[in-house]
Amino acid sequence: MTSMAPEKPATPAPSGAEVELSIGGMTCASCAARIEKKLNRMDGVTATVNFATEKAKVAYAPGVEVADLIATVEKTGYTAQEPPKPTAPAAAETPQEQEAGHSGGALDALRQRLLVSLVLSVPVVLMAMVPALQFDNWQWLSLTLAAPVVVWGALPFHTAAWTNARHGAATMDTLVSIGTLAALGWSLWALFFGHAGMPGMRHGFDFAVSRADGSSSIYLEAAAGVTAFILAGRYLEAKSKRKAGAALRALLELGAKDVAVLRDGREVRVPVGELAVGDRFVVRPGEKIATDGTVVEGGSAVDASMLTGESVPVDVTVGDAVTGATVNVSGRLVVEATGVGADTQLARMARLVEDAQNGKAAVQRLADRISGVFVPVVLLIAVGTLLTWLLVTGDTAAAFTAAVAVLIIACPCALGLATPTALMVGTGRGAQLGILIKGPEVLESTRRVDTVVLDKTGTVTTGKMALHEVVTTPGVTEQELLRLAGALEHASEHPLARAIADGAAERTGTLPVPESFENIAGLGVQGVVDGHVVLVGREKLLAEWVIELPAELAAAKAAAEAEGRTAVAVAWDGRARGVLTVADKVKDTSAQAVAELRRLGLTPVLLTGDNKAVAEAVAREVGIDEVIAEVLPQDKVDVVKRLQSEGRTVAMVGDGVNDAAALATADLGLAMGTGTDAAIEAGDLTLVRGDLMVAADAIRLSRRTLATIKGNLFWAFGYNIAALPLAAAGMLNPMIAGAAMAFSSVFVVTNSLRLRRFG
């Protein structure tokens with residue numbers, strides 16, 4: 001990762017702009033720290049450089065050009081370019097990604113360098129460690145095998161070290177290059193000018209530094225072994241980083257590649273990039289929907305599992321919105337494009353995920369600062385180790401070995417990889433589950449939250465009226481009541497009527513067609529169904545026909561209204577036959593979600609503008625004790641602030657325009673992706689699926705990701721703090737130090753990869 005430049009503004013001037021640059025040539029966290037430091041020194045520039053994603057996110061004020069930013073990076077010794085703005089999400093890799101070992105070709109080249117180095121290094125290490133294998137002149141064979149490893153195998157380290165040296169900087173490559181070349185140089189001196197080249201020379205191996213005659217000691221096994229170990233670490237790291245970003249690449253690759261567009265009544269198959277807003281295109285069963293749009297013809301079920309994690313296909317018909325990259329399961333659809341390219345939901349999701357991966361958590365900042373100054377400090381420690389050993393022991397060989405071990409063990413890469421790899425995997429896994437984390441700072445908020453405020457309509461409930469209860473008089477069946485009332489209501493457009501008609505059709509099947517129908521404004525409907533004169537509406541409508549509700553129906557109506565539900569009376573042939581209650585339906589998973597939020601240590605609060613009776617009825621159904629009802633939309637912010645003033649750390653879950661301000665005010669805002677753009681923009685976490693269970697999953701995932709980051713940082717800090725004194729004290733052979741250093745980086749990345757199994 002990177003270092004934070006001191007005293008920089010958190011955000012650019014409002015009139016400024018932002019750009020994302022692809023950075024090439026970075027080999028460790030210190031590289032990212034240097035680039036970030038140089039960019040942040042420019043007037044009007046605030047930059048964050050991510051080592052794992054090899055990208056720089058730069059905000060710059062008017063007067064600064066992107067070319068100036070690129071020039072600054074290049075003057076620092078690296079390459080930079082502005083990625084092309086795609087018309088649609090694309091999974092193509094940048095030249096920098098290829099250069100950094102993310103593409104198949106670059107990984108193959110790195111693997112080839114590693115394999116050759118391993119084949120040559122293993123005999124060298126074995127001969128050094130096993131005296132029985134040391135035949136006369138074995139040391140010259142060791143030199144023949146080790147020299148190509150140190151010169152060619154470690155060439156990327158030497159090249160990077162030289163590039164950085166020309167710019168007056170030192171990185172992890174500097175440590176490796178100096179260490180391996182010093183070990184090779186010492187060995188050459190001992191072989192050609194000392195006693196190590198004598199035919200009968202034998203060599204022991206110790207895990208710690210051993211004292212010996214410097215002129216008869218060679219370190220070829222350390223030079224070759226360290227190079228092979230570090231190359232192995234780089235290769236495994238590159239593969240792991242590729243896995244870490246796999247979820248985002250998979251997201252980008254979800255979209256359709258071509259589409260059947262209707263032109264003059266004919267289907268013409270064109271690349272998706274040629275689609276324009278307003279174009280109509282055909283989607284057959286099994287095909288992906290090419291872009292966001294509205295169904296204008298046909299009906300089908302759409303599988304959105306790849307975007308939302310929801311396994312059950314959703315029925316769509318004329319007028320319904322559909323999302324690009326979802327799959328048409330059954331019928332033929334004609335869709336009119338409403339958003340293309342970068343304006344689609346898929347593209348917005350990809351941008352949110354990538355922005356989060358490029359961000360920086362507060363917990364990483366100390367590690368960033370340490371990475372920025374670590375290498376120069378290590379060089380000083382190595383020199384100090386060399387001089388101390390010489391002064392105390394006078395043993396040149398032991399002093400040299402201890403100093404080389406310090407150089408090799410001290411790589412700060414694990415520090416630099418701790419946060420970004422966990423973020424890459426965590427946010428990528430979240431995207432697969434329909435959870436979009438806007439930035440790493442969100443993770444800190446999820447840890448502190450103790451209260452979750454739930455908007456009722458559209459969050460805990462569906463936001464749509466639905467048939468709730470059917471009460472009948474003796475002798476009348478529920479089927480009969482629903483069949484006659486549903487038939488009459490089916491002819492009405494009123495929301496209550498639609499809820500009754502849909503519920504009746506769902507429970508009884510096909511409804512009869514009324515023989516006559518009349519809408520009585522403000523009272524209900526009346527008509528003839530199957531020869532019966534049927535009335536459906538308010539009690540006042542029945543009173544106009546001199547029909548009274550019997551006691552049992554009057555009691556059912558009163559009970560429903562006390563619960564905040566709407567009661568509709570039904571009568572036919574001059575007698576009241578039943579009462580239907582209609583209410584905003586609670587989502588199937590809401591009660592389970594509230595229980596899960598409680599298990600996470602959160603206190604749920606129901607917030608709504610509805611009357612108290614309605615709110616309390618919903619709260620009882622889902623298991624919420626604290627209810628704040630009859631709140632005007634503009635007052636929701638005040639409720640959140642009041643809870644915060646009580647010392648609570650508040651999360652807010654909402655979906656409407658009237659929730660946007662409260663979402664932004666809360667310590668953590670969770671926006672339902674089924675809601676408005678304003679709410680989604682204001683939230684810290686976006687829940688693509690309109691399911692409250694995902695809110696609990698989002699908090700669990702965020703907390704798990706934060707815990708992984710902290711675990712990684714603990715390991716990286718602990719490793720360096722423990723290893724450096726051991727190396728300086730002569731308790732680590734340089735080759736063992738190289739293996740441990742490589743392992744630390746691989747451990748951090750593989751620990752992060754465990755998040756891929758979250759679910």
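Residues numbered from 1 in each chain as written. Predicted model: local features only at pLDDT ≥ 70, side-chain atom pairs only at ≥ 80, totals over all residues. Heavy atoms only, no water.

### Points about unusual backbone geometry
Moving on, step 1. Located in the positive-phi region is asparagine 137, a residue other than glycine, with phi close to 70°.
Moving on, step 2. Not every positive phi belongs to a glycine, and aspartate 573 is a case in point at roughly 55°.

### Structural notes on the packing of aromatic side chains
Moving on, step 1. Inspection of every chain in the model, using the stated rule, returns 4 aromatic pairs.
Moving on, step 2. Arranged with centres 4.6 Å apart and planes meeting at 40°, the rings of tryptophan 715 and phenylalanine 747 form a pair that is tilted. Highlighted residues: tryptophan 715 in helix 26 (residues 693-728) and phenylalanine 747 in helix 27 (residues 734-753), separated in sequence by 32 residues.
Moving on, step 3. Assessed through its relative accessible area of 29%, tryptophan 715 is described here as partly exposed.
Moving on, step 4. A cation sits over an aromatic face here: arginine 113 above tryptophan 152, 4.7 Å from the ring centre. (Phe/Tyr/Trp six-rings, centres within 6.5 Å; stacked < 30°, edge-to-face > 60°. Helix = DSSP H or I, 4+ residues; strand = E, 2+ residues; numbered from the N terminus. Buried < 20%, exposed > 50% of the residue type's maximum accessible area, 1.4 Å probe, protein only. Lys NZ or Arg CZ within 6 Å of the ring centre and 35° of its normal.)

### Focus on the UniProt feature "transmembrane region" (unreviewed entry) in the protein
Moving on, step 1. Here, the residues flagged by UniProt with the feature "transmembrane region" (unreviewed entry) are residues 114-134, 140-163, 175-198, 218-236, 370-392, 398-419, 712-729 and 735-753.
Moving on, step 2. For residues 140-163, the end-to-end C-alpha separation is 32 Å, with 96% helix and 0% strand making up the annotated structure.
Moving on, step 3. When the span residues 175-198 is considered, its composition is 79% helix and 0% strand, and the gap between its end C-alpha atoms is 31 Å. (UniProt positions renumbered as here; feature names shortened; annotations may be inferred.)

### Quick word on the sheet that holds strand 18 (residues 524-529)
Moving on, step 1. Pairing within the open sheet is antiparallel, and its 6 strands lie in the order 16-21-20-19-18-17. Taken across any chain shown, the strands that pair with only one partner, and hence form the sheet edges, are strand 16 (461-472) and strand 17 (516-520). If you compare each strand with its neighbour and ignore which way they point, the axes differ by 20° on average.
Moving on, step 2. For strand 18 and strand 19 (residues 532-537), the ladder comprises 6 bridges, and the chain directions are antiparallel. Across the sheet, valine 528 pairs through a bridge with valine 533, a residue of strand 19.
Moving on, step 3. The strands touched by helix 20 (residues 551-562) are strand 16, strand 20 (566-572) and strand 21 (575-586); relative to strand 21, the strand with the most contacts, the crossing angle is about 15°. (Pairing = 2+ DSSP bridges. Axes fitted to C-alpha atoms, helices over the stretch in contact; angles between N-to-C directions. Contact = heavy atoms within 4.5 Å.)

### Focus on the side chain of glutamate 489
Moving on, step 1. Relative to the helices and strands, glutamate 489 is located in helix 17 (residues 478-489).
Moving on, step 2. One buried charged residue, glutamate 489, remains without a salt bridge, the closest side chain of opposite sign being arginine 498 at 8.3 Å.
Moving on, step 3. Excluding its chain neighbours within four sequence positions, the residues that come into contact with glutamate 489 are Ala497, Arg498, Ile500, Ala501, Val525 and Val536. (Lys, Arg positive; Asp, Glu negative; His and termini not counted. Salt bridge = Lys/Arg side-chain N within 4 Å of Asp/Glu carboxyl O.)

### Re a nonpolar patch on the surface
Moving on, step 1. There is a patch of nonpolar side chains on the surface, built from Val122, Leu126, Met129, Val130 and Leu133 and spanning about 370 Å² of accessible area.
Moving on, step 2. Residue position: leucine 133 is located in the loop between helix 4 (104-129) and helix 5 (138-153). (Patch = residues over 30% accessible without salt bridge, like charges linked within 9 Å, V, L, I, M, F, W, Y side chains within 5 Å. Areas by Shrake-Rupley, 256 points an atom, 1.4 Å probe, with all protein chains shown as cover.)

### Let's talk about the packing of helix 17 against helix 18 (residues 495-508)
Moving on, step 1. Contact geometry of helix 17 with helix 18 gives a least axis separation of 8 Å together with a crossing angle of 135°. In this view, helix 17 runs oblique relative to helix 18, as classed from their interaxial angle. Judged by the sense of rotation from one axis to the other, the crossing of helix 17 with helix 18 is left-handed. In this structure, helix 17 contributes Glu478, Gln479, Leu482, Arg483, Gly486 and Glu489 to the contact, and helix 18 contributes Ala497, Arg498, Ile500, Ala501, Ala504, Arg507 and Thr508.
Moving on, step 2. Its residues assigned to classes, the contact of helix 17 with helix 18 comprises 5 nonpolar, 3 polar and 5 charged. (Parallel < 35°, antiparallel > 145°, perpendicular 65-115°, else oblique. Left-handed = near helix turned anticlockwise from the far one by under 90°. Nonpolar A, V, L, I, M, F, W, Y, C, P; charged D, E, K, R; others polar.)

### A closer look at the nonpolar core
Moving on, step 1. One finds Leu21, Ile23, Met26, Leu39, Val58 and Leu69 to be the most contacted residues of the largest nonpolar core, which totals 61 residues.
Moving on, step 2. Split by domain, this core shows at least three residues from each of two domains, domain 1 (17-81) and domain 2 (104-245 + 355-422 + 709-757).
Moving on, step 3. Core analysis: the next-biggest nonpolar cluster, separate from the first, contains 46 residues, Ala593, Ala619, Met693 and Phe758 among them. (Core = buried A, V, L, I, M, F, W, Y, C linked by side-chain atoms within 4.5 Å. Domains from an automatic or database assignment.)

### Let's talk about the packing of helix 5 against helix 6 (residues 155-166)
Moving on, step 1. Packing of helix 5 against helix 6 brings their axes to within 5 Å, and their N-to-C directions diverge by 45°. Taken as axis vectors, helix 5 and helix 6 run oblique relative to one another. Contacts between helix 5 and helix 6 involve Val150, Val151, Trp152 and Gly153 from the former and Leu155, Pro156 and His158 from the latter.

### Points about the pattern of salt bridges
Moving on, step 1. Within this structure, the stated rule accounts for 22 salt bridges.
Moving on, step 2. Among the salt bridges present, the one from glutamate 626 reaches arginine 648, with a minimum N-O distance of 3.3 Å. Residue glutamate 626 is located in strand 23 (residues 626-628), and its partner arginine 648 is located in the loop between helix 23 (636-645) and strand 24 (650-654); the two are separated by 22 residues in the primary sequence.
Moving on, step 3. Of the residues examined, glutamate 626 reaches a relative accessible area of 25% and is grouped as partly exposed.
Moving on, step 4. One connected set of salt bridges, linked through shared partners, spans Glu267, Arg284, Glu297 and Arg332.

### Notes on helix 17
Owing to its 3.6 residues per turn, the α-helix brings residues three or four apart onto one side.
Moving on, step 1. An ideal rise of 1.5 Å per residue puts 16 Å on 12 residues; helix 17 measures up with 16 Å between its terminal C-alpha atoms.
Moving on, step 2. Those residues of helix 17 that fall on the buried side of the exposure criterion are Leu481, Leu482, Leu484, Ala485, Gly486, Ala487, Leu488 and Glu489. (Expected span 1.5 Å × (residues − 1).)

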